[in-house]
Amino acid sequence: MKVLKFGGTSVGSVASIKNVKTICCSGPEKKLLVLSAMSGVTNQLVSITESIKSGDVAGVAKVIDVLETKHFEVTEKLIQDGLLQYETKQEISAILAELETITKLEYNEEGYSRVVTAGERMLTCIFSKYLKSCGVENHLLDARDFMQVNNLENPDTDLVNENFKIKVSGLSDTDIYITQGFVRRDENNKISTLKRGGSDYTATILGAALNAEEVQIWTDIDGFHNNDPRYVEHTHPIAELSFEEAAELAYFGAKILHPQTVSPVIHKNIPVYLKNTFTPHLPGTRISGQSTGKGLKAISAKDGITAIKIKSNRMLMAHGFLRKIFEVFDRHQTAIDMITTSEIAISLTIDDNRNLDKIIEEIEDYGEIIVERDHSIICLVGEAVIEDKKASRIFELLHDTSIRMISYGGSNNNISLLVGTSNKINVLQKLHQKVFVETPVGEFV
Ligand code: ADP
Ligand code: ASP
Ligand code: MG
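All of these numbers come straight from a predicted model, not from anything done at the bench.

Turning our attention to the overall build of the protein. Counting secondary structure elements, the protein contains 13 helices and 16 strands. The C-alpha radius of gyration computed for the protein amounts to 24 Å, which stays within 12% of the reference 22 Å derived for 445 residues, consistent with globular compactness. Principal-axis analysis of the C-alpha atoms gives the protein an extent of 75 × 50 × 40 Å. Residues counted as buried form 52% of the 445 residues belonging to the protein. Nonlocal contacts in the protein, meaning residues at least 24 apart in sequence, comprise 76% of its contacts between residues at least 6 apart. Summed over all atoms, the accessible surface of the protein reaches about 19700 Å², with 49% contributed by carbon and sulfur. Measuring between centres, the 48 positive side-chain charges of the protein sit 1 Å from its 60 negative side-chain charges.

Take a look at the structure:
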């Protein structure tokens, strides 16, 4: 079994959905397809939840109308068979009617999740019926029946395996199963999500649960690039990354992968391929347990970082001090990403501000607190990157760029810089020039 995930742009138009059909109908092996919503649809559904909160009934109705038109149009263009087209439209109408009902109930977290995951339900319904209309047998499986993910950081893939087996038992044999990405059931059995961009994570959780041969993530770019192509010119795809390198890059902001995508497949050693739906002949990127050679591989950036400096005149670094500080963050379930210390101050960063006020209240006793929001962590990643001389060129940036913190040597595979977000693009471009353009790629010096 192979798991193939197709992202929003891959299923964003009639033409691209036809590409997806070609890809999933090639090759003899059994496939489980994990599909996202059509691009833009999840954002529209999020806007519905905002209208619900503000009591904007007309706003909700307007977006539901837009979604109906969009999905009906795609259905009409893809599915010629009259009965199948009719059935598909009925199912889309039922999903949208359910949304309308939710908007009238008391709004809560489950209501939010039910609304924002509706795009995946509509699209998988269209795609399954489209394949049927082309004579390609398949089973559409409702992910809400088996994606029991009680712990977002550490999914129980054995449980998903058991649920999946129950779900497919009794179904006729088929080579193609189709399901929705993004949605899950939580520890209270309520409908929830794997967070935005979570279909990648659905694919690797299922890959691990089903002991798949491989997981393929199909998107709109030819693999993992060595820098963020949205901000930097002349980036290029990397042929091979290790699990650790890809996990590090995804965690530190590379949008191509949901931050947790890699973790479920590491211990089962299941390779993940990143491929472009629009240029399927290109090799893309292979992420696996194999070492891919030493040296800097790629740069990524994660926004929404808050830096907290605790400054004291007392002996700050005295025995037990750091423990007390960390315990405060731990009590408020807030992970720390970067840390630097001096004799009288400690600076650290967090990416989750939800409990910031409570944290500040508790650490205020230890000294003067300075909070700086709107920062980004820029990461240079690669096996033994700290031994790679070209990575040391980051220090040349200090001549004319303001860098708030540097973490060098915390791990052999990662060097992190903290910069103001307004400065991020400039730093990404300068770094790219220094480490990839002026120093040839692949040269470990
Ligand atoms: P999908 O809808 O298929 O999940 P995403 O938009 O989530 O696609 O991810 C693909 C996008 O990620 C690319 O179009 C690209 O703009 C962006 N991206 C950011 N960093 C990288 C990177 N290092 N390599 C490739 N793409 C990246
Ligand atoms: N459709 C969801 C989102 O836009 C999940 C995904 O695409 O991975 O976040
Ligand atoms: Mg994505």
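What follows continues from the structure just given.
Around ligand 1 sit 16 residues, and of these Lys5, Thr219, Asp220, His225 and Lys255 come closest. One nitrogen or oxygen atom from the side chain of Lys5 is found 3.1 Å from an oxygen atom belonging to ligand 1. In this structure, an oxygen atom belonging to ligand 1 sits 2.5 Å away from a side-chain N or O atom of Lys255. Surface burial for ligand 1 is 85%, taken as the share of its 570 Å² of free accessible area covered by protein chains.

What follows is about the pattern of salt bridges. A complete count under the given rule lists 29 salt bridges for this structure. Arg331 is the partner of Glu362 in a salt bridge, and the nearest nitrogen-oxygen pair spans 2.6 Å. Residue Glu362 is found in helix α12 (residues 356-363), and its partner Arg331 is found in helix α11 (residues 321-331); the two are separated by 31 residues along the sequence. For Glu362, a relative accessible area of 27% puts it in the partly exposed group.

Ranked by size, the top nonpolar core spans 51 residues in total, and within it Met147, Phe224 and Leu257 carry the most contacts. Going through the elements one at a time, β2 (31-35), α7 (157-168), α8 (199-209), β7 (214-219), α9 (243-251), β9 (272-276), β11 (298-311) and β14 (368-381) are the ones with two or more residues in this core. For this core, the leading source of residues is α8, giving five residues. Setting aside its immediate chain neighbours within four residues, Leu257 contacts Asp200, Ile217, Phe224, Ala250, Val262, Leu274 and Ile287. By size, the runner-up hydrophobic cluster in this structure holds 42 residues, among which are Val63, Leu84, Leu96 and Val136.

Right, let's get into the site of ligand 2. Taken together, Ser36, Thr42, Glu120, Phe182, Arg196, Gly197, Gly198 and Ser199 form the complete shell of residues around ligand 2. Take Ser36: an N or O atom from its side chain is 3.3 Å from an oxygen atom of ligand 2. The contact in question runs from an oxygen atom of ligand 2 to an N or O atom on the side chain of Arg196, over 2.7 Å. Tallied by class, residues from the shell around ligand 2 come to one nonpolar, five polar and two charged.

Further remarks concern a nonpolar patch on the surface. Nonpolar side chains collect at one region of the surface, where Leu322, Phe326 and Ile339 lie side by side and expose about 210 Å² of accessible area between them. Along the polypeptide, Phe326 turns up in helix α11.

Time to look at the packing of helix α2 (residues 41-54) against helix α5 (residues 109-116). Remark: α2 packs on α5, axes separated minimally by 8 Å, with the N-to-C direction vectors making an angle of 145 degrees. Like other packed secondary-structure pairs, α2 and α5 cross with a definite hand, here right-handed. Residues Thr42, Leu45, Val46, Ile48, Thr49 and Ile52 of α2 form the contact with α5, whose participating residues are Tyr112, Val115 and Val116. Grouping the amino acids of the contact of α2 with α5 by side-chain chemistry returns seven nonpolar, two polar and no charged.

What follows is about the sheet that holds strand β3 (residues 139-141). Here eight strands make up an open sheet; going across it, the order is β3-β4-β2-β1-β7-β9-β10-β8 and the pairing mixed. Edge strands, defined here as strands with exactly one partner in the open sheet, are β3 and β8 (240-242). Between one strand axis and the next, the sheet turns by 20 degrees as a mean value, whatever way the strands run. One ladder, built from three bridges, connects β3 with strand β4 (residues 176-180); its direction is parallel. Its bridge partner being in β4, His139 is matched across the sheet by Tyr177.

This paragraph deals with the pairing of β11. Burial runs high along β11: ten of the 14 residues are buried. Alignment of β11 against strand β13 (residues 345-350), held across six bridges, turns out to be antiparallel. Across the sheet, Ile310 pairs through a bridge with Ile346, a residue of β13.

Let us now look at the side chain of Ser10. One can find Ser10 in the loop between β1 (2-6) and α1 (14-24). Residue Ser10 is classed as buried on the basis of its relative accessible area, which comes to 0%. Within polar-contact distance, the side chain of Ser10 engages the side chain of Thr277 at 2.7 Å.

Where helix α4 (residues 82-104) meets α5, the closest approach of the two axes is 10 Å, and the angle between their N-to-C directions is 160 degrees. Between α4 and α5, the interaxial angle falls into the category roughly antiparallel. For the element pair α4 and α5, the recorded crossing hand is left-handed. Where α4 abuts α5, its residues Glu98, Leu99 and Ile102 lie against Gly111, Arg114 and Val115. Tallied by class, residues from the contact of α4 with α5 come to three nonpolar, one polar and two charged.

Parameters and conventions
Residues numbered from 1 in each chain as written. Chains lettered and ligands numbered in written order. Predicted model: local features only at pLDDT ≥ 70, side-chain atom pairs only at ≥ 80, totals over all residues. Heavy atoms only, no water. Helix = DSSP H or I, 4+ residues; strand = E, 2+ residues; numbered from the N terminus. Rg over C-alpha atoms; globule rule 2.2 N^0.38 Å. Buried < 20%, exposed > 50% of the residue type's maximum accessible area, 1.4 Å probe, protein only. Contact = heavy atoms within 4.5 Å. Areas by Shrake-Rupley, 256 points an atom, 1.4 Å probe, with all protein chains shown as cover. Lys, Arg positive; Asp, Glu negative; His and termini not counted. Charge placed at Lys NZ, Arg CZ, Asp CG, Glu CD. Near = heavy atom within 4 Å. Polar contact = N/O pair within 3.5 Å; in protein donor to acceptor, adjacent residues only side chain to side chain. Salt bridge = Lys/Arg side-chain N within 4 Å of Asp/Glu carboxyl O. Core = buried A, V, L, I, M, F, W, Y, C linked by side-chain atoms within 4.5 Å. Nonpolar A, V, L, I, M, F, W, Y, C, P; charged D, E, K, R; others polar. Patch = residues over 30% accessible without salt bridge, like charges linked within 9 Å, V, L, I, M, F, W, Y side chains within 5 Å. Axes fitted to C-alpha atoms, helices over the stretch in contact; angles between N-to-C directions. Left-handed = near helix turned anticlockwise from the far one by under 90°. Pairing = 2+ DSSP bridges. Parallel < 35°, antiparallel > 145°, perpendicular 65-115°, else oblique.

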